[in-house]
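Here's the letter readout for the chains.
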Amino acid sequence: LLFLTLVPSIRVLFKRIYISTDYGTTYEKLNDKVGLKTVLSYLYVSPTNKRKIMLLSDPEVESSILISNDEGATYQKYRLSFYIQSLLFHPKQEDWILAYSIDQKLYSSMDFGRRWQIMHERITPNRFYWSVTGLDKEPDLVHMEARRTDGRAHYITCRIQECSETTRNGPFLHYIDVSSLVVQDEYIFIQVTDGGRANYYVSYKREPFMQIKLPKYSLPKDMHIISTDENQVFAAVQEWNQNDTYNLYISDTRGVYFTLALENVKSNRGLEGNVIIDLYEVAGIKGIFLANKKVEDQIKTFITYNKGRDWRLLQAPDSDLRGDPIHCLLPFCSLHLHLQISENPYTSGSISSKETVPGLLVATGNVGPELSYTEVGMFVSSDAGNSWRQIFEEEYSVWFLDWGGALVAMKHTSMPIRHVWVSFDEGRTWNKYGFTSAPLFVDGSLVEPGIETQIMTIFGHLSLRSEWQLIKVDYKSIFSRRCTKDDFQTWHLHNQGEPCVMGERKIYKKRKAGACCSLTRDYSRTVVSEPCICAEWDFECDYGYERHSNNQCIPAFWFNPSSQLKECSLGQSYLNSTGYRRIVSNNCTDGLQEKYAARSEQCPGKAPRGLHILTSTGKLVAEQGYNTTFIIRMEEGDLQRTNIQLDFGDGTAVSYANFSPIEDGIRHIYKSTGIFQVTAYAENNLGSDLAALFLHVVCPVERVDLRVPFVAIRNKEVNLTAVVWPSQSGTLTYFWWFGNSTKPFITLDSSISYTFTSEGMNTITVQVSAGSILIQDTKDIAVHEYFQSQLLSFSPNLDYHNPDIPEWREDIGRVIKRALVQLHSALQLCSITMYEISMSSLPKCYHLDILNYFFQTVEILFNALNQNLVQFELKPGVEVIVYVTQLTLAPLVDSGAGHSSSAMLMLLSVVFVGLAVFLIYKFKRYVATSLYFKENMVKKLEMSLVFT
């Protein structure tokens, strides 16, 4: 079954899709079956039933799918209520599908897309996985990385038919980093960043998560899981001092303890920006890897035969294509290979190997001191990389046919070609075949379905403007007969002559060179496989140990072997490492196995040591009224016989007899804000340990009001106050910005005193930080050399109607301005703003500040005030009269330090070339003072005039 999609360079009404069921001999136009006006975007074939096909429509036109159960002969169309971005088919159940929508929702179907139901919203792209057979209890279980509305991600699982809030599970209780969930074979990986440092966790066979242990000072910036084959994890880690290279690490069986395999492996970016590590695993033979390593600014290719314990350079061929000897002396000169696997299914990539042809590798590369990107040729190895031969002097694409019995090569060029080359003896000799009468610009080729076929489809253009040409190349006539036992020979796997590789001696059956016979699907490749006696190269250094020049594994300077006993309880036994561990999947026996095997010993009793307490989020800020989870860790000590006490610092505490009940954390809700000292105490019969942290419990702030006087005297301190709502927000940090300053003053107090040194208008900004929330407010203040203020009072009926909101004060300001304008036409140019000042020992009152104004205007104003001529109508029947009270030297907001902490600016200012009016409201309670309050005369509302 072959599909071919012809997509023009510009978007047209429909794309042309063709289907072939005879390996490309004939094609049928698929668009005729789905409707000529149907715009298709994606085509899927069920991985478990090739007869089932699904087509997706273009979401810009409509949202629908077309389903076929008969290899595309007929289709049924179904409308969708969402737009599909990608599909994930179940590996076993042919009708089970997960669909990821454009709006990041995950849907499931159990009838091959005919009906859908939503599973979860806000799913991270490409972070959802089907269950793994034999590991997950339910076959319809889905692993997902979901995000909350605040953007934080967590790992959840649920079944596709029972995915609700009550049935979803959280295998990992804490938040994880976005796009960090990986479910692969027996392992699940997640990442959690704490204090700017990434921590990685792994679950092996769905057991509880454990933190991955890398060497202490690796300090990873990035980590990629490369392989989880054979119950072991191969990981690439970019450490703190690396930019374009990664270090390779290999784990124990559980994926917890990692040791260094190779440093400074080259990396590059894929077509979609993904990181690609220059590491290649040879197919068909376990333990053999190739890697490109950066050595003193040169890229060199290395090979290992024991999963990274030992690496060596590749031996260059003895001679070139012309038979001339190649003078290449290790380690100064060697063979270097490009290790990229093609992301394009229609090209072969720069290196190839097949499980069906063990030991055969074909790769692009060069001979010299380092890897070259210009002077490249093609090389082949028939003995798993021990020796190499050059097969072409230029770059070619190479494909395997008939289980690797034949190699097909096509020149990699932008020029038109008409020939391919075929080899039946693993690249030793090549025959030239013409596949087209006219030269063809080749866009790609397809070997489908699988490498056992002898058919290729080549497609391209006769010219840059011509239609696509499809050419079927059938090699069946070359394979004249079926292979018999006389067509095979044995091949011994070895590593530079050593027959034991990964603890085994293996002999493979391979087709003889030049045998033009075809293989059957079920022929056996391995003839002999027997274990070897364990030798030095079968063991790698255990976690925390490093290999020295004498080939011995010695503890690293940072590693304390006794630290591995922290989970060991008195009366139990543990495996005490000798510093060595047998390479995972190595099958050697006896020999050095007993010498290097970990020894079972009784757990010694240990006093608690290295007690740590932290929050599950890693932050030292918590919200009032919400659960805060505390995690307690102990580096050493008997976990089962150690008592734990946790004091939350708010008058409550809990106690536990051992660590078992608190492995998932201890939850607590704080009912008030403040800074609390949380203390953990661990004790057993051998000693004790103490740990503490200071937790800031806050209530999220909603807004801040910066209160400043409208006017201030130069070189005299001014008190500024930030009022935060709600008032009980806990510990806050205040950032004060003055004018154009680029550095703020930082305080924990809501008030600050500041001296302005120059006259003019100054801008003040305060920012308030509470946890992750930051809010701000900005005000202006006028600074002058000198001014006086005149206190004014109002008849008591004004305050009776005061609702105490900013809008009311602004309207009153405009009314007072109109009353003043009636006294003198010059006051028409005044602008009025309301300011409120509340002080613990003073009533609320109004200030009227007049700056730099003519004396005649001031005299007219005072005469009118003394004669009670300034009045306004608040509402029908309610007249408010303004009185003169007292002459002072400055606005009331600056009258003394005793009330600076409670000053709250906001009410009225009138400005005309420096004229300002301040309205300052009295407290609701009346405080009798001889200066501002007169019983039975001036009641709740007052005002003052200020002169410069």
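The rules behind each value
Residues numbered from 1 in each chain as written. Predicted model: local features only at pLDDT ≥ 70, side-chain atom pairs only at ≥ 80, totals over all residues. Heavy atoms only, no water. UniProt positions renumbered as here; feature names shortened; annotations may be inferred. Core = buried A, V, L, I, M, F, W, Y, C linked by side-chain atoms within 4.5 Å. Buried < 20%, exposed > 50% of the residue type's maximum accessible area, 1.4 Å probe, protein only. Helix = DSSP H or I, 4+ residues; strand = E, 2+ residues; numbered from the N terminus. Contact = heavy atoms within 4.5 Å. pLDDT = per-residue confidence, 0-100. Salt bridge = Lys/Arg side-chain N within 4 Å of Asp/Glu carboxyl O. Disulfide = S-S within 2.5 Å.

Per an unreviewed UniProt entry, the protein chain goes by the name Sortilin related VPS10 domain containing receptor 3 and belongs to Anolis carolinensis. The record in UniProt for the protein chain states the following under Sequence similarities (unreviewed entry): "Belongs to the VPS10-related sortilin family. SORCS subfamily." UniProt's Subcellular location (unreviewed entry) comment on the protein chain is quoted here verbatim: "Membrane".

## Observations regarding the nonpolar core
In terms of nonpolar packing, the biggest core is built from 28 residues, with Phe172, Ile176, Leu181, Ile212 and Phe258 touching the most fellow members. Contributing elements (two or more residues each) for this core: strand S14 (153-159), strand S15 (182-184), strand S16 (187-194), strand S17 (197-204) and strand S20 (234-239). In this view, Ile212 contacts Phe189, Tyr200, Tyr201, Val202, Met223, Gly255, Val256 and Phe258; residues no more than four positions away in its chain are not counted.

## So, unusual backbone geometry
Cis geometry is found at the peptide bond from Leu330 to Pro331, where omega equals 0 degrees. Cis geometry marks the peptide bond from Trp725 to Pro726, where omega comes out at -5 degrees. Along the chain, Pro726 turns up in the loop between strand S62 (717-725) and strand S63 (733-738). The backbone of Glu71 shows a phi angle near 60 degrees, a positive value even though the residue is not glycine.

## Observations regarding the confidence of the model for the protein chain
Taken residue by residue, the protein chain gives an average pLDDT of 82. The fraction at 70 or more is 84%. In the model, residues 829-854 has pLDDT below 50 throughout and makes 171 contacts with residues more than four positions away in sequence or in other chains.

## Re the pattern of salt bridges
For the coordinates displayed, the defined rule picks out 33 salt bridges. Between Arg322 and Asp324 there is a salt bridge, with the nearest N and O atoms lying 4.0 Å from each other. Overall, Arg322 belongs to the exposed group, its relative accessible area being 58%. Residue Asp324 is classed as partly exposed on the basis of its relative accessible area, which comes to 39%. Two residues, Arg714 and Glu785, come together in a salt bridge whose shortest N-O distance is 2.8 Å. Here Glu785 lies in the loop between strand S67 (773-784) and strand S68 (788-794) and Arg714 lies in the loop between strand S61 (711-713) and S62, a separation of 71 residues in the sequence. A relative accessible area of 25% places Arg714 in the partly exposed class. Taken together, the shared-partner salt bridges in this structure form one network comprising Asp103, Lys105, Glu121 and Arg122.

## Details of the state of the cysteines
Across all of its chains, the model carries six disulfides by this definition. Here Cys500 is linked by a disulfide to Cys532, with a sulfur-sulfur distance of 2.1 Å. Around the S-S axis, the bridge from Cys500 to Cys532 shows a dihedral of about -95 degrees and counts as left-handed. Of the two residues, Cys500 is situated in strand S42 (residues 500-501) and Cys532 in the loop between strand S45 (526-531) and strand S46 (539-541); the sequence distance between them amounts to 32 residues. By the burial criterion, Cys500 is buried, and Cys532 matches it. One disulfide bridge connects Cys534 with Cys588, the sulfur atoms lying 2.1 Å from each other. Measuring the twist about the S-S bond at about 95 degrees, one finds the Cys534-Cys588 disulfide to be right-handed. Within this pair, whereas Cys534 is found in the loop between S45 and S46, its partner Cys588 is found in the loop between strand S50 (580-582) and helix H2 (593-596), the two being separated by 54 residues in sequence. Summary of cysteine pairing: Cys516 is not part of a disulfide, and the nearest cysteine sulfur, belonging to Cys517, is at 7.9 Å.

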